[in-house]
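Survey of secondary and tertiary structure
The lines below spell out each chain.
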Number of protein chains: 2
Amino acid sequence: MRETDLIGLIQSLNAAQAPGLVKGIGDDCAILRPKAGEDILVTTDFLLEDVHFLRATHSAADCGWKALARGLSDIAAMGGTPQYAFVSLALAPWSDARWVRGFYTGMQRLAQRHGVVVAGGDLTRSDKVLCDIVVLGAVRRGQALCRSGARPGDRLYVTGLLGGSALGLETQHGAAWKRHLRPEPRVEAGRALAARFKATACMDLSDGLALDLHRLCRESGCRAELNGTLPVFPGSSIQQALAGGEDYELLFAAPADRPIPHSIAGLPITEIGHCSKGSPGRIRFDGNPLPAAGWDPFSKPQRSS
Amino acid sequence: MRETDLIGLIQSLNAAQAPGLVKGIGDDCAILRPKAGEDILVTTDFLLEDVHFLRATHSAADCGWKALARGLSDIAAMGGTPQYAFVSLALAPWSDARWVRGFYTGMQRLAQRHGVVVAGGDLTRSDKVLCDIVVLGAVRRGQALCRSGARPGDRLYVTGLLGGSALGLETQHGAAWKRHLRPEPRVEAGRALAARFKATACMDLSDGLALDLHRLCRESGCRAELNGTLPVFPGSSIQQALAGGEDYELLFAAPADRPIPHSIAGLPITEIGHCSKGSPGRIRFDGNPLPAAGWDPFSKPQRSS
């Protein structure tokens, strides 16, 4: 299979055109035409064989889905609308045309659900399958949600249930395993948090609540008190809900006097605590200090997920 | 070294702020504010250990320079102004903090020269060093140069000298080797070709003139006649000038009645032939058919460059 054949295959899977896409796959660059009054969001995420997925347990379609889901989740965390994906893919000797087709089909399924167009990328080969995905999104000018906007007194919330992905990684079956393989980026909820509910800060939970909340608080210059009630995924432990990564739920803050509903777009919202004055990044859980533990690729043995 | 320390190191190297950059490194996404009347260009390129560089021959600074140069060259090929880079980097066990510092220092040197700000990325680890770089640029609305605009009768030109990078890869010394390690993206020339000289088509020579010209002609629906005179890098063979990759010069087309100067921004411009009617993508060189040979990662043994 030559590079031109591969590009042809990818183009055939990507017939979709977006109004702002002047030129997609096939030139030195893609050309995008932004709308007036919008800011552009950019995020990039690796999905690497033997670091983020295993050939033995993740199908090609799982890999394609997950690679894109990670990027969409970052756009959701800023309250934006994802628009374009750029896929850099290095193929290994074992990943044949069938695998490539499966990968793009899995990605395409998630992309279509969110109206995202694959607009470019790079192709090469390597010893292992390597994917880096870039997602561009749009948000009304000045309305993007950052990690740094939480203030003492703000209440803290999460979407959905926590710990499911870590449980799935452990047991490799059932709803938790599906959760791990095919995470659902919370795009609609993120958009509502920015546009309707005016959250003060938001981020996605990719590395575990304890570590990610620590980061949000450090950026916001406050500390956090968790009230001890967490929306735990059925069967997951509190530890998995606190420090398991890859839940891809949203963590957000909002002023105490702002009414936040119990669900947004069918997704449950749980109040888990509040921000307070004090050492930036410190967290107490049910009255006790909570270490900022979670997924850090540089401080742990490699995860084989 | 933890992920947060690495991000701190990277942020410290990137104090530069650009007017359109609302938020750079440190949140789930970067936030960009595009100018009215501009299109946005996006390109992504891998730079992988043992595929695109060797630890033994490429310094950390060479890798950082080259990773960015590949992306800037794509923006140059569209006639745009590069603005932001996003760097996804997977570190190997051998690449320590000193290597990371060298990598970003080399990248920063080239970035500053072109006013480019590193605005985000991803960090993880792997068996080998893996880099994927995304560059965003701007171009006046509708003015981007594509591969598809050449017409029969247009003259064909290249910037600079060809074959230097292939010679450098072979000899590993002198100006040619420097050319291979630290390619110079032709940003100023590309901008002038779009804005002043109204080239009809343009692309950068990353995989060799024969293969890249074949692609340009295929996209433009024409064939090409090369007149046999090529601006060959001193010491390089004709074969290296025709099929050696990574010269990162610009190949462009312009109507025969449009005056193209002999140099742009100090860079020599050479007329190498013209476009004609016929089977799209076919090329004749000095009267003989020229096969579309060049760097294709899927049809050749891996390059150790």
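This one's a predicted model, so the numbers in the text were calculated from it and none came from an experiment.

Here we look at the relation of the copies chain A and chain B
For these two chains of identical sequence, chain A goes onto chain B by a turn of 180° and a shift of 0.0 Å along the axis, with RMSD 0.0 Å. The operation mapping one copy onto its partner corresponds to a two-fold rotation axis. The fraction of interface residues of chain A whose copies in chain B are also interface residues reaches 100%, indicating that both copies meet through the same surface.

A word on the state of the cysteines
All names here are of chain A. Taken as a whole, this structure holds zero disulfides over all chains when the rule is applied. Cys63 forms no disulfide, and the closest cysteine sulfur to it belongs to Cys131, at a distance of 8.6 Å. For Cys63, a relative accessible area of 2% translates into the label buried. For Cys222, which is in no disulfide, the shortest distance to another cysteine sulfur is to Cys275 and amounts to 3.9 Å.

Focus: the domain arrangement of chain A
Residue and element names in this part refer to chain A. Split into domains, chain A comes out as domain 1 (3-140) and domain 2 (147-289). Here the C-alpha centroids of domain 1 and domain 2 sit 26 Å apart. Between domain 1 and domain 2, a total of about 1,800 Å² is buried, with carbon and sulfur atoms accounting for 54% of that surface. When the buried surface of domain 1 facing domain 2 is broken down by residue, Trp65, Lys66 and Ala77 rank first, second and third, together holding 26% of it. The tally of links from domain 1 across to domain 2 stands at four salt bridges. With its nearest N and O atoms 3.6 Å apart, the salt bridge here joins Arg70 to Glu246. At the boundary of domain 1 with domain 2, the tally comes to eight residue pairs in polar contact (both at pLDDT 80 or more). For the side of domain 1 that touches domain 2, the elements supplying multiple residues, two or more each, are helix H2 (60-77), strand S4 (81-91) and helix H3 (97-113). Residue contributions to the side of domain 1 that touches domain 2 peak at eleven residues, all from H2.

Description of the environment of Ala119 of chain B
Residue and element names in this part refer to chain B. Inspection of the secondary structure assignment puts Ala119 in strand S5 (residues 117-125). You can call Ala119 buried: its relative accessible area is 1%. C-alpha separation for the pair Ala119 and Ala85, spaced 34 residues apart in sequence, amounts to 5.9 Å. Look past the residues within four positions of Ala119 in its chain and what remains in contact with it is Leu21, Gly24, Ile25, Ala30, Tyr84, Ala85 and Phe86.

Quick word on the pairing of strand S10 (residues 250-254) of chain B
Residues and elements named next belong to chain B. In terms of burial, S10 is largely enclosed, as five of its five residues are buried. By the alternation rule, side chains of S10 split into Leu250, Phe252 and Ala254 and Leu251 and Ala253, which are all buried. As judged from the four bridges shared by strand S7 (residues 155-159) and S10, these two strands associate in the antiparallel manner. Among the inter-strand pairings, Arg155 is bridged to a residue of S10, identified as Ala254. Where strand S8 (residues 201-204) meets S10, four bridges bridge the pair, whose relative direction is antiparallel. Following the sheet pairing, Met203 is matched in S10 by Leu251.

Observations regarding the packing of helix H4 (residues 164-171) of chain B against helix H5 (residues 174-181) of chain B
Residue and element names in this part refer to chain B. Contact geometry of H4 with H5 gives a least axis separation of 7 Å together with a crossing angle of 110°. Relative to H5, the element H4 is oriented roughly perpendicular. Judged by residue contacts, Gly164, Ser165, Leu167, Gly168 and Leu169 of H4 engage Ala176, Trp177, Arg179 and His180 from H5.

A closer look at the interface of chain A and chain B
Chain A puts 68 residues into the contact, and the matching count from chain B is 68 residues. Summed over both partners, the interface of chain A with chain B buries about 5,700 Å², with 55% contributed by carbon and sulfur atoms. Of the charged contacts, one joins Asp127 of chain A and Lys128 of chain B as a salt bridge, the two residues approaching to 2.5 Å between their closest N and O atoms. At the boundary of chain A and chain B, one finds 22 residue pairs in polar contact (both at pLDDT 80 or more). In terms of residue count, the dominant contributor to the side of chain A that touches chain B is strand S3 (residues 38-48) of chain A (ten residues). Per-class residue counts for the side of chain A that touches chain B are 31 nonpolar, 13 polar and 24 charged. In the sheet, S3 of chain A pairs with strand S2 (residues 30-32) of chain B via three bridges, with the strands oriented antiparallel. Looking at the pairing, Ile40 of chain A lines up with Leu32 of chain B of S2 of chain B.

Regarding the side chain of Ser236 of chain A
Looking at the element boundaries, Ser236 of chain A is found in the loop between strand S9 (223-226) and helix H8 (238-243). Residues within four places of Ser236 of chain A in sequence aside, it is in contact with Leu162, Gly163, Gly164 and Leu167 of chain A.

Focus: the sheet that holds strand S1 (residues 21-23) of chain A
Taken in spatial order, the six strands make up an open sheet running S1(A)-S2(A)-S3(B)-S6(B)-S4(B)-S5(B), and their pairing is mixed. What marks the edges here is a single partner per strand, and that holds for S1 of chain A together with S5 of chain B. Put simply, the sheet's adjacent strands are angled 20° from each other on average, direction ignored. Along the sheet face, helix H3 (residues 97-113) of chain B touches strand S4 (81-91), S5 and strand S6 (130-140) of chain B and points at about 165° away from the line of S4 of chain B.

As for the environment of Ala253 of chain B
Residues and elements named next belong to chain B. The topology assignment puts Ala253 in strand S10. As for Ala253 and Gly153, which are separated by 100 residues in sequence, their C-alpha atoms are 9.6 Å apart. In this structure Ala253 touches Ala150, Asp154, Arg155, Leu156, Ala199, Thr200 and Ala201, once residues within four positions along its chain are discounted.

Parameters and conventions
- Residues numbered from 1 in each chain as written.
- Chains lettered and ligands numbered in written order.
- Predicted model: local features only at pLDDT ≥ 70, side-chain atom pairs only at ≥ 80, totals over all residues.
- Heavy atoms only, no water.
- Least-squares fit on C-alpha atoms with pLDDT ≥ 70 in both.
- Contact = heavy atoms within 4.5 Å.
- Disulfide = S-S within 2.5 Å.
- Buried < 20%, exposed > 50% of the residue type's maximum accessible area, 1.4 Å probe, protein only.
- Domains from an automatic or database assignment.
- Buried area = accessible area lost by both parts, 1.4 Å probe.
- Salt bridge = Lys/Arg side-chain N within 4 Å of Asp/Glu carboxyl O.
- Polar contact = N/O pair within 3.5 Å; in protein donor to acceptor, adjacent residues only side chain to side chain.
- Helix = DSSP H or I, 4+ residues; strand = E, 2+ residues; numbered from the N terminus.
- Pairing = 2+ DSSP bridges.
- Axes fitted to C-alpha atoms, helices over the stretch in contact; angles between N-to-C directions.
- Parallel < 35°, antiparallel > 145°, perpendicular 65-115°, else oblique.
- Nonpolar A, V, L, I, M, F, W, Y, C, P; charged D, E, K, R; others polar.

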